Amino acid sequence: METYTFLRAFADSWHLLFMFCFFIGVFVFILRPGSRKVHDESANMIFRNDDKPAGDESAPRTGRHAEPKEAR
């Protein structure tokens, strides 16, 4: 049996079955009980600092970037 024919037969049968089971497994993993909290937290992660930016704004700025320079 040639390599191409063997790989073609394998892809048509067992690999197709493996990929289908993997797809169903991922689908079940996403919809598992108790995962809503994790998915909601991940979905809202980018909005965490909408009310107040991260960091302390009242601290004095020191160092190399103390004063913003005007772009020219």
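Residues numbered from 1 in each chain as written. Predicted model: local features only at pLDDT ≥ 70, side-chain atom pairs only at ≥ 80, totals over all residues. Heavy atoms only, no water.

## What about the packing of aromatic side chains?
Point 1. Summed over the entire model, instances satisfying the criterion amount to two aromatic pairs.
Point 2. Ring geometry for Phe-23 versus Phe-27: centroids 6.5 Å apart, planes at 20 degrees, classification stacked. Of the two residues, Phe-23 and Phe-27 both sit in helix α1 (residues 3-30), four residues apart, roughly one turn of that helix.
Point 3. Of note, Arg-32 hangs over the ring of Phe-29, and the distance from its end group to the ring centre comes to 4.2 Å. (Phe/Tyr/Trp six-rings, centres within 6.5 Å; stacked < 30°, edge-to-face > 60°. Helix = DSSP H or I, 4+ residues; strand = E, 2+ residues; numbered from the N terminus. Lys NZ or Arg CZ within 6 Å of the ring centre and 35° of its normal.)

## Observations concerning the pattern of salt bridges
Should the charged atoms of two oppositely charged side chains come close, the side chains can pair.
Point 1. Enumeration over the complete set of coordinates arrives at two salt bridges.
Point 2. The residue Asp-12 makes a salt bridge to Arg-8 at a minimum N-O spacing of 3.2 Å. One end of the pair, Asp-12, and the other, Arg-8, are both in helix α1, four residues apart, so they sit about a helical turn from each other.
Point 3. Classification of Arg-8 by relative accessible area gives partly exposed; the value is 45%. (Salt bridge = Lys/Arg side-chain N within 4 Å of Asp/Glu carboxyl O. Buried < 20%, exposed > 50% of the residue type's maximum accessible area, 1.4 Å probe, protein only.)

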